[in-house]
Structures are given as structure tokens and as C-alpha cells.
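Secondary and tertiary structure notes
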Amino acid sequence: MAQTSVVVSEVGITATAATATACPCPGSLFPYPPPRAGMAVSRKCLRAAQAELGAGMLSGLVESMRASSPTHARAAAALAAGVDDEHAAWMARHPSALAKFEEIVAASKGKQIVMFLDYDGTLSPIVDDPDAAFMSETMRMAVRSVAKHFPTAIVSGRCRDKVFEFVKLAELYYAGSHGMDIKGPAKSSSGHAKSKAKGVLFQPASEFLPMIEEVHQRLIEETKHVAGAKVENNKFCVSVHFRCVDEKSWGALAETVKGVMREYPKLRMSQGRMVFEVRPTIKWDKGKALEFLLESLGFADCSNVLPVYIGDDRTDEDAFKVLRRRGQGVGILVSKHPKDTSASFSLQEPAEVMEFLLRLVEWKQLSRARLRLRRQAHA
Ligand SMILES: O=P(O)(O)OC[C@H]1O[C@H](O[C@H]2O[C@H](CO)[C@@H](O)[C@H](O)[C@H]2O)[C@H](O)[C@@H](O)[C@@H]1O
């Protein structure tokens, strides 16, 4: 099917018109994780683990664990190595969504904006304790206002109930467990309630529930000797956090988790921000959840919709890629540091996400007021 895509600006908003296919992904000038100098790790742990796993595999995993901490010593080293240039080049390819705000809203002309928001690191700041990742009341107000004007979904790795406890807005769509648990709004704050997605419940991995519960218990048991490790049950997936684990123990932790994973070939492991994410091997992710929600909202294969997806983590890349493939929508990565991404734009931190959301609301209110005035003038 021919995707609709007109590149509205040099920076990659793709919107309607009748021809092209997905716009090209940005090149990988600055691969993420960027290459970095080695650091001291527990040689003992590494040796023991490497014997079983194969050297390349585990040391790669530990490197990747380090890279998921951009505030680490790496940042200081990178600074000394001319990161300013790297950052400027990256920003040129992924400009601030605030700086390009006018272009973004111009691309929505004649289209329904649909908002997709990741939770951790996007609406709430990253903190050591996953149970304390609260969003501010002002952020909640901003999200509530956005949802009054546009259908809005939270797409999170968290289990749906947990992310709802944090967000506390019944008028939103929620896709928890990396999109494997989708539900429409319990209440409406706008006309969107009439949408087909109201109350929808989609759980493509439900058959994995017993296995996830089992692996959750196994991971708790097997990692209890690693100080600081925390295992979180996200219903259809499990997170193993290492943010509070001494770096010397990362190799041992990685080995332990991989050891358990070997017993569960139907589960796979990926990595987020100082966390291992364990989930079913089914072909379902945040990108699929985005497409499912668009379809449920009545925007399947439509050119009159502009999905806007804001997220900070590797799992959000699946959604950015879907937007690129569809040649439709706006992907915004929340990051202060250059990362390899399929998003077109960037915002530095949750505070900027809030500013972006508030500007959207303000713009929508102004456009409505202008329309009203024009109608009155013609009446
Ligand atoms: O898709 P998200 O909403 O971004 O969820 C991804 C994971 O986020 C949480 O972990 C991250 O945030 C924690 C709190 O700030 C932080 O301590 C941790 O290091 C981060 O990885 C959440 O706890 C996980 O379950 C989610 O999968």
C-alpha cells in the first residue's frame, strides 16, 4: 500500500500527500551505545561467566549495561573528547521539538493528532527506586489538558495497573507491559469517548502469564545475593533493575539472569535504562501497540491522522520505527545525550516534555478560538 508522506521540513515530519513511502532513517553517525573506553569490572565474575557463555557475549552485555547509564563516568570522558561537536551534530539531525514546534503543528493541518506518551523518563524523572517514580501534579495537569484535545495513550513497560496508579487519569488509553496489555479509557474528557477503542482490552500474551509469574519468582530467588538488584513484576514481562547494583557485580548479575533465561526459550531479554527486560518472544511491542490503538481509534490506513510519540527508552524505538515505516507522524526522543534513534526530534527531559504538551494545548485552544471568530465574522 502506498504510504502517505510529504516531508514538511528538512527534519523529518512526515504527513499527508499521496506518494512516497517511509522516510529514510537517520544515519548512524553516533551509534548508541557509543564506543567507550573499558573500565574496571570484576574480572573474577567475568572469567567465571565467560567460561560458560562465551567471552564476546557476556562482555558485550556488561558493556551494554554500562552504556545504559549515560550519566556515568562515560559522560565525563566523552566531554573531554569533544562531545560538544557530537551533540551539535546529533541535534542538527534530531532538533528540539520545541524549536520546531510550528513545523510540527503545521504538519497536523487537516489531521487528528493522537498522542502517545511513554511513562518513565518521559513523564516522570528517572529515580533509583522504581516504586517512587512519581509524576508531578503539574505534569498530570498537562497530560489531562492534552487529553481534552487529542486522544492520548500511555505506552509503558510497566504493568498497566501500576502505570495507572502513577498517572491517575481515567480518560487516557493505557498500553502496559510494553504494549501487551491495552485498555481504553474508563471515562471521557472529550468527544473521543465515542471512539471504538473505549474499554477495549487486548492482551496478546495472556498465555504467558503463568510462565512470567514463574520466571519472576526464579529471578527473585536467583538474584537475591546481588546487593541492590530489584526484580519487578510487570504482569506480561519482568524487569531486573541494576541501577543500584555495584558495577563490580554487573557481570555476575548478567550471568545469573542469562542463566535463568536459558531455561525459558519462549522468553527473551532486552535492555532498557539500567534494567533487563524479560518478555515473551511474541511479535508484539510498543510499535504494534501504537498501530493497534490507531486502528481501534478508527485511523487504520488513514492519512488524516498525525500520531505523536514521545519516549526515552530503547523499547520506544519500535514505535519510532513504525512511524517511519508508515511515513506518518512525529517521533520525539527524550534524551540529553546523542543516541542512535529513529525519532525525528528530541526533547531533553520530562520538563521539556511538559512544555511541549502545554504548547500543544495552547496552540489548539488558539486555533479553535480563531476558527470561532472566523465563523462569527462570516455569519
Ligand atoms: O516504558 P517505560 O514507561 O519507560 O518503562 C520502562 C521501565 O521503566 C522503569 O524503569 C526505569 O525507571 C525507573 C524509575 O525511574 C529506574 O529506577 C530504572 O532504572 C529505569 O529502567 C520501570 O521500573 C520498569 O519496570 C519499566 O520497564
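Being a predicted model, the structure only gives us computed values, none of them experimental. (Residues numbered from 1 in each chain as written. Predicted model: local features only at pLDDT ≥ 70, side-chain atom pairs only at ≥ 80, totals over all residues. Heavy atoms only, no water.)

**With respect to the confidence of the model for the protein chain**
When pLDDT is low, close inspection of the predicted coordinates is not appropriate. Scored by pLDDT, the protein chain has a mean of 83; 78% of the residues are at 70 or more. What the predictor reports for the complex is a pTM of 0.82 with an ipTM of 0.99. (pLDDT = per-residue confidence, 0-100.)

**Section: the nonpolar core**
In terms of nonpolar packing, the biggest core is built from 51 residues, with F116, L219 and F276 touching the most fellow members. The element best represented in this core is helix α9 (residues 250-262), accounting for 6 residues. Look past the residues within four positions of F116 in its chain and what remains in contact with it is A153, V155, L290, L293, L294, P307, V308, Y309 and I310. If you look at the next biggest cluster of nonpolar residues, it comprises 38 residues, including Y119, F150, V330 and I332. (Core = buried A, V, L, I, M, F, W, Y, C linked by side-chain atoms within 4.5 Å. Buried < 20%, exposed > 50% of the residue type's maximum accessible area, 1.4 Å probe, protein only. Helix = DSSP H or I, 4+ residues; strand = E, 2+ residues; numbered from the N terminus. Contact = heavy atoms within 4.5 Å.)

**Focus: unusual backbone geometry**
One can expect most non-glycine residues to show negative phi and most peptide bonds to be in trans. In this model, S177 sits at a positive phi of 50 degrees, which is unusual for a non-glycine residue. Assignment of secondary structure puts S177 in the loop between β5 (173-176) and β6 (181-183). Phi at K235 takes a positive value of approximately 70 degrees, unusual for a residue other than glycine. Position of K235 among the secondary structure elements: in the loop between β8 (230-233) and β9 (238-241). Judged by relative accessible area, which is 31%, K235 ranks as partly exposed.

**Considerations on the sheet that holds strand β11 (residues 275-280)**
Read across the sheet, 4 strands follow the order β8-β9-β11-β10 without closing on themselves; strand pairing throughout is antiparallel. Either end of the sheet is taken by a strand with one partner, and the two such strands are β8 and β10 (267-272). Across the sheet, the mean angle from the axis of one strand to that of its neighbour is 20 degrees, orientation sign disregarded. Of the pairings in the sheet, the one linking β9 to β11 comprises 4 bridges and is antiparallel in character. Among the inter-strand pairings, H241 is bridged to a residue of β11, identified as V275. Helix-sheet contacts for helix α8 (residues 209-223) involve β8, β9, β10 and β11, and the interaxial angle to β8 is about 170 degrees. With respect to the sheet, α9 is in contact with β9, β10 and β11, its orientation differing from that of β10 by roughly 155 degrees. (Pairing = 2+ DSSP bridges. Axes fitted to C-alpha atoms, helices over the stretch in contact; angles between N-to-C directions.)

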